[in-house]
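Below are the chains, spelled out letter by letter.
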Amino acid sequence: MLVNEKRIHTLNGASAGSGPVVYWMSREQRVADNWGLLHARELAGGTRPLVVAFCLVPGFLGATLRQYDFMLRGLEAVEAELARLSIPFVMLTGDPGREIPGLAARLGAGVVVTDFDPLRIKQAWQGDTAGSLGVPLIEVDGHNVIPARQVSAKQEYAARTIRPKIHRLFGEYLEEFPELTPQRITDPELGLELAPVDWRAVRGSLRVDESVGPVALPAGEAAGRAALDRFIAERVEGYAGDRNDPNADATSRLSAYFHFGQLAPQRAALAAAASGRGEGQEAFLEELVVRRELSDNFCLHNPHYDSLRGAAPWALKTLDEHRHDPRPHLYSHEQFDAARTHSRLWNAAQTQLRASGYMHGYMRMYWAKKILEWSATPEEALETVLALNDRYQLDGRDPNGYVGALWSVAGLHDRAWKTRPVYGSIRYMNENGCRRKFDVDAYCERWEAAERG
Ligand SMILES: Cc1cc2nc3c(=O)[nH]c(=O)nc-3n(C[C@H](O)[C@H](O)[C@H](O)COP(=O)(O)OP(=O)(O)OC[C@H]3O[C@@H](n4cnc5c(N)ncnc54)[C@H](O)[C@@H]3O)c2cc1C
């Protein structure tokens, strides 16, 4: 078998037919290094047609034009790359729970393969699809180096508890990807009328907030791969020392490519592991594999991943004890959104986010902790963090975002610290800490200048 069978999980009990294989592309929006697509290709073999389908939901969890634009640019590249391999690409629009079974019925499909995704809405779509398909729906984990269903059967407490499990299984799963072979069956033999996607019509069908516009970051799997290659050649060496300096441009900037599946995290892990860049390589693998896969573990096992109910009892207790502490400053969601606080540093971080679709990882922690400190309640703070994160970050609506927000506001995967007003024993951060790590004034000047245009 091309794909380790422990990556594969069947979502219903239906028997397979002999018709075409459909790969329902969802979280992994790429052709290369894609375990789900490889598995579908292997099932199709030399005699059964393989069709790749993507189902576009015209308005998704408050996503804005910024995120849709990046995703659609990536999917246009997917269609072109699949055409090179004679694999048809179908773009559906609507509710995937209805559209995917509809396509499978029209094609007389014998099996549908799709991507692992721990988020509730994706699992609901998969559940609806699994229930109405008369053939198997097979899930393949192409996002985690160690498949999330294999690494642990429960919610892990922290990085320190998942790390040994990941390290133990690394050797088994960190393998090179096989190549995807072209399809030999042509469109007429498929018996389908599969016209190329009309991308203008697809864009016209969007029902999204256009006030948050596209960003210039090149999209698609070739761009993701080029960004990875540049990072490994030029920056991974300094990653351990410089990654907490927002002025240093030391991090990989790969998160949007991972979020939209335009780059396989496993490809990045293979490249880092082969780089021979000592400390930098180790520090990068810790974030890329241990921290990132801890987020999938949390969302898979905790249905409350986007509310305070997902936090640990000690954290809820301490936040509650400090619920009525006077706040040094109090801002509404709208004031935060408009970057109108008293803090030059906080406003600069929010400006970076609004302008570029990306906030540096160190600043994300500071930014979210100050929202806790300056909001009326911890519940309102978490709502504001998630709403702004998902509205402006290109990589928003991701398990990493839900975990980052709960880590900042409610001590998820962290421990209790010295007690303070408002925070209780949740870890505190302040501007002096930032000043010890980097040149705060240079950061502010850069983003103030960007805002002035
Ligand atoms: C409040 C808050 C919100 C966040 N929102 C998101 C989000 O919406 N989407 C998102 O992908 N990440 C989010 N993160 C996690 C992290 O900040 C980003 O992944 C990282 O800054 C992306 O930049 P990079 O690709 O240059 O990271 P690098 O430092 O180059 O790291 C490489 C990769 O490792 C993973 N990674 C790095 N840091 C973390 C972390 N702390 N937890 C989990 N995985 C990590 C990411 O996949 C990242 O692309 C959030 C963190 C916080 C504190």
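Before any of the text, the structure's been laid out above.
The following refers to the structure shown. (Residues numbered from 1 in each chain as written. Predicted model: local features only at pLDDT ≥ 70, side-chain atom pairs only at ≥ 80, totals over all residues. Heavy atoms only, no water.)

**Description of the overall build of the chain**
Under the convention used in this document: In this text, helices come from DSSP runs of H or I with a minimum length of four residues, and strands from runs of E with a minimum of two, each type numbered from the N-terminal end. Atoms counted for the radius of gyration: C-alpha only. Globule rule: 2.2 Å times residue count to the power 0.38. A contact between two residues is defined here by any heavy atoms of the two lying within 4.5 Å. For every accessible area listed, the method is Shrake-Rupley and the probe measures 1.4 Å; residues are considered covered only by the protein chains on display. This count recognises Lys and Arg as positive and Asp and Glu as negative, with His and chain-terminal groups excluded. Lys charges are placed at NZ, Arg charges at CZ, Asp charges at CG and Glu charges at CD.
From N to C terminus, the chain includes 21 helices and six strands. The C-alpha atoms of the chain give 22 Å as radius of gyration, which agrees with the globular expectation for 453 residues (22 Å, within 12%). Expressed along its principal axes, the backbone C-alpha trace of the chain runs to roughly 70 × 45 × 45 Å. For the chain, contacts bridging at least 24 residues in sequence account for 79% of all contacts bridging at least 6. Carbon and sulfur atoms make up 50% of the accessible area of the chain, which amounts to about 18600 Å² in all. Taking the 53 positively charged and 59 negatively charged side chains of the chain as two groups, their mean positions are separated by 4 Å.

**Here's the deal with the environment of Gly59**
Selection rule: Exposure is judged per residue with a 1.4 Å probe applied to protein chains only, and the accessible area is read against the type maximum: over 50% gives exposed, under 20% gives buried, and values in between give partly exposed.
Among the structural elements, Gly59 can be located in the loop between strand S3 (50-56) and helix H2 (65-84). Among the residues examined, Gly59 registers a relative accessible area of 42% and is labelled partly exposed. Distance in space between the C-alpha atoms of Gly59 and Gly404 is 24 Å, their sequence separation being 345 residues. With residues up to four places along the chain from it excluded, the contact list for Gly59 reads Tyr68, Arg207 and Val208.

**Digging into the site of the ligand**
For clarity, the cut-off: In these notes, residues near a molecule or strand are those with any non-hydrogen atom within 4 Å of it. The term polar contact refers here to a pair of N or O atoms within 3.5 Å; inside protein, the definition further demands a hydrogen-donor-capable atom paired with an acceptor-capable atom, and it admits residues adjacent in sequence only when both atoms are side-chain atoms. When residues are sorted by character, Ala, Val, Leu, Ile, Met, Phe, Trp, Tyr, Cys and Pro go into the nonpolar class, Asp, Glu, Lys and Arg into the charged class, and all the rest, Gly among them, into the polar class.
Neighbouring residues of the ligand: 27 residues in total, closest Tyr239, Thr251, Ser252, Arg253 and Asn389. Interatomic distance of 2.6 Å between a side-chain N/O atom of Ser252 and an oxygen atom of the ligand. Relative to its free-state accessible area of 830 Å², the ligand is covered by the protein chains to the extent of 91%. Counting residues per element, the ones that place at least two in the shell around the ligand are helix H11 (255-259), helix H13 (278-301), helix H17 (361-373) and helix H19 (399-410). When residues of the shell around the ligand are assigned to their parent elements, the largest contribution, six residues, is made by H13. The class makeup of the residues in the shell around the ligand is nine nonpolar, 11 polar and seven charged.

By themselves these figures say nothing about function.
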